[in-house]
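Each chain, letter by letter, is given below.
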Amino acid sequence: MWNSQQADTEHLTRWKKWRRTSSKSLKKALSEIKGLSSYLVLWRHDIHSIEGKFGTGIQSYFSFLRFLVLLNFIIFILMFSFVILPTIISKYGIFNSTVAYISPKNIEDICTIYEPSGNKGLVYFYTYLKDLLSGTGFLEVTSLFYGYYSIDAVWISMMRYNLPLAYLLATFAYLALSFLWIIKRSVEGFKHNLVHDADPFQSYCNKVFAGWDFCITDPNAARLKYRSLQYELQTDLQEEKLKQKIAERTMKEKICIYSLRIFINIIVIAILSGCFYSIYRVTVFSQENSNNADNANSPVNLLVQYLPSIVITLANFIGPLIFSFLIRFEEYTPAFEIKLTLLRCVFLRLANIGVLLFSLWSQISSCGSDKCKPCGYNYKLYPCWESDVGQEMYKLMIFDFIVILAVALFVDFPRKLLVTHCSCKLIQWFGHKEFEISDNVLEIIYGQTICWIGTFFSPLLPAIATIKYFIIFYVKKIVLIHTRKPAARPIRASSSNFFFLVVLLIGLLLAFVPLGVSIAYIPSSKACGLFRNFSTSWEVIPDTILQFPTGLQQVFFGIASEAFAVPFFVILCIVMFYVIALARAHKRVVEQLREQLVLK
């Protein structure tokens, strides 16, 4: 009996040893894979180098740019796999397909006339260049724009692939993916922010006593880490110095500074109002005069087409300069200066896009003199309005990219040459410039918002955005290293990363509004596209549900009813309040533990 128990015990011991050994080997293998995968991270060495030379604040901008490159690439893969590829292979006859067709009984014939301005016959180089910049001509009839996608269904053997439904679901998928990814990164940044803001003294101790990585053996890596810690400490000391200065203000000084801030905010509101009105008037003028057949191929027509993009870019360029100048008189901390400047520039840049789209929709839905009575929209000016909106988004993205390159080539580098070879005091003062994090972040958030809005109307726009941001990374890196000086007041990366993502989230939420209006409210074009059989793009969802079995239909319609929505909202609120209460309880426990540690 005893021998039997001893054998069982030995067997179990061997089993536990094997499990423990296997677990250690697996963890070691995963750790090695993770270590090797870190070398495959895009721009890893470049970003570490920037962090060491210019601080974590500027490094956070380039990390943010890398995130957008990966995000746009995944969005492109999504749209290409589910929308673009099935359409292209069907056009070449690899699979059977049916073309969306409008019955004359349902709509008037005049609504189905769409003649894209594709180039025919002898075409000059200028015409190709104009088409490339404006998205018209040969580009209008390619897979770049919505009007190209006219296939209603693709048959793979006996399976029917519903392309309109796939198009709409892919749109919802890339918006949901962007939202969840931004939220995930924001939560991580919020945790770092919370830890830093909870106890400044603890933050100093962590940097001084636990900030160094003793595994570093490379001299270059050690130098980069040293500079990174140095910039972090400089940032903390600078902020504490300003907080002390603010705390020592007299009542008279407080009244003066608050009065000045109110006056500056009135100026900011006036600037924003002027920009919005200018964009509205210019967009209406451009739409009414860009289709003039008399000067269709003249440089004047290209200028008229680009007028909204030019005015928006000027507003985006001049507005932040004025905001950056005005905020110097408001005496905020460096971190709050970046946040407030970003917020003002966000309202300027993103609201500019909103005003442009509002101006376009006012023209598309303009029903004066019964222009849109037969079709529900202005079919004479916009026979395929989705492609027209896509062209506007395409022009905004291309022009924004051109401006970024032009500023680097014709402003930043000439300024550096003048500073290097001219000793004039005025040029020396004007030439040395810091890397403005807020302006550069707003540039890429503005472009990303255009991409989110425009992808529904131009499915290849994420690919263009990926290439654009990939090039911008190297352009900005060269500009930073060769033409910029380190910031006089360093910026902390943890707060910057979190705030960048919050502003990006604002841009995404703004993109929901025009896309929601376009999908659910404005009638879809009857002359082009996948949704010509439906009154709106959203109608494909209930039409698909009606093809399901009766039981499944009742489930979906029940989920969409008030009887489900109200209890779901109540339960969601209860869960949210529970999580908030739990977080407060955990915070109190942490504070009590800190007090106990101080007493010991």
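Residues numbered from 1 in each chain as written. Predicted model: local features only at pLDDT ≥ 70, side-chain atom pairs only at ≥ 80, totals over all residues. Heavy atoms only, no water.

- The name an unreviewed UniProt entry assigns to the protein is Transmembrane channel-like protein, from the organism Lamprotornis superbus.
- Its UniProt record gives the protein a comment under Sequence similarities (unreviewed entry), which states: "Belongs to the TMC family."
- In UniProt, the protein has this text filed under Subcellular location (unreviewed entry): "Membrane". (UniProt positions renumbered as here; feature names shortened; annotations may be inferred.)

## Here's the deal with the overall build of the protein
(1) Moving on: If you tally the helices and strands in the protein, you get 19 helices and 5 strands.
(2) Moving on: Relative to all contacts within the protein whose residues are 6 or more apart in sequence, the contacts with residues 24 or more apart total 79%.
(3) Moving on: With the model as given, the accessible surface of the protein reaches about 33400 Å², and the carbon-plus-sulfur share is 67%. (Helix = DSSP H or I, 4+ residues; strand = E, 2+ residues; numbered from the N terminus. Contact = heavy atoms within 4.5 Å. Areas by Shrake-Rupley, 256 points an atom, 1.4 Å probe, with all protein chains shown as cover.)

## Things to note about the UniProt feature "transmembrane region" (unreviewed entry) in the protein
(1) Moving on: Per the UniProt entry, the sites bearing "transmembrane region" (unreviewed entry) are residues 67-89, 165-183, 255-280, 306-329, 393-411, 498-522 and 564-583 in this numbering.
(2) Moving on: The distance from the first to the last C-alpha atom of residues 165-183 is 27 Å, and the span holds 100% helix and 0% strand.
(3) Moving on: For residues 498-522, helix accounts for 92% and strand for 0%, while the C-alpha atoms at its two ends are 36 Å apart.

## Concerning the packing of helix α2 (residues 44-54) against helix α3 (residues 56-91)
(1) Moving on: Contact pair α2 / α3: the axes reach a minimum separation of 7 Å and the direction vectors enclose 160 degrees. Relative to α3, the element α2 lies roughly antiparallel. Here α2 runs over α3; the crossing is right-handed. Across the interface between the two elements, R44, I47, I50, E51 and F54 of α2 pack against T56, I58, Q59, F62, S63 and R66 of α3.
(2) Moving on: Tallied by class, the residues present in the contact of α2 with α3 amount to 5 nonpolar, 3 polar and 3 charged. (Axes fitted to C-alpha atoms, helices over the stretch in contact; angles between N-to-C directions. Parallel < 35°, antiparallel > 145°, perpendicular 65-115°, else oblique. Left-handed = near helix turned anticlockwise from the far one by under 90°. Nonpolar A, V, L, I, M, F, W, Y, C, P; charged D, E, K, R; others polar.)

## Remarks on the pattern of salt bridges
(1) Moving on: Within this structure, the stated rule accounts for 5 salt bridges.
(2) Moving on: Here E392 makes a salt bridge to K395, at a shortest N to O gap of 3.1 Å. Residue E392 and its partner K395 are both found in helix α12 (residues 385-421); the two are separated by 3 residues, about one turn of the helix.
(3) Moving on: Residue E392 is classed as buried on the basis of its relative accessible area, which comes to 4%.
(4) Moving on: Its relative accessible area of 4% is what places K395 among the buried residues.
(5) Moving on: A salt bridge links K468 to D400, with the shortest nitrogen-to-oxygen separation between them at 2.7 Å. (Salt bridge = Lys/Arg side-chain N within 4 Å of Asp/Glu carboxyl O. Buried < 20%, exposed > 50% of the residue type's maximum accessible area, 1.4 Å probe, protein only.)

## So, the side chain of S537
(1) Moving on: Take S537: it is sitting in the loop between α16 (493-520) and α17 (540-545).
(2) Moving on: The contacts of S537, once residues within four sequence positions are left out, are L168, F456, S518, I519, S524 and F531.

## As for the environment of F347
(1) Moving on: Structurally, the position occupied by F347 is in helix α11 (residues 334-364).
(2) Moving on: Placed 75 residues apart in sequence, F347 and L272 show a C-alpha to C-alpha distance of 8.1 Å.
(3) Moving on: Here F347 is in contact with L272, F276 and N352, once residues within four sequence places are set aside.

## Quick notes on the pairing of strand β2 (residues 151-156)
(1) Moving on: The sheet contact formed by β2 and strand β3 (residues 159-162) spans 4 bridges and is antiparallel. Bridged to I156 within β3 is M159.
(2) Moving on: In this antiparallel pair of consecutive strands, β2 and β3, the connection spans 2 residues, and S157 shows a positive phi of 60 degrees. (Pairing = 2+ DSSP bridges.)

## Thoughts on the packing of α12 against helix α14 (residues 437-454)
Helix-helix packing is described using two parameters, namely the angle between the two axes and the distance between the axes.
(1) Moving on: At a minimum axis distance of 9 Å, the contact between α12 and α14 shows a crossing angle of 160 degrees. For the element pair α12 / α14, the angle class is roughly antiparallel. The interaxial crossing formed by α12 with α14 has left-handed handedness. Of α14, the residues touching α12 (which contributes M393, L396, M397, D400 and I404) are E443, Y446, G447, I450, C451, I453 and G454.

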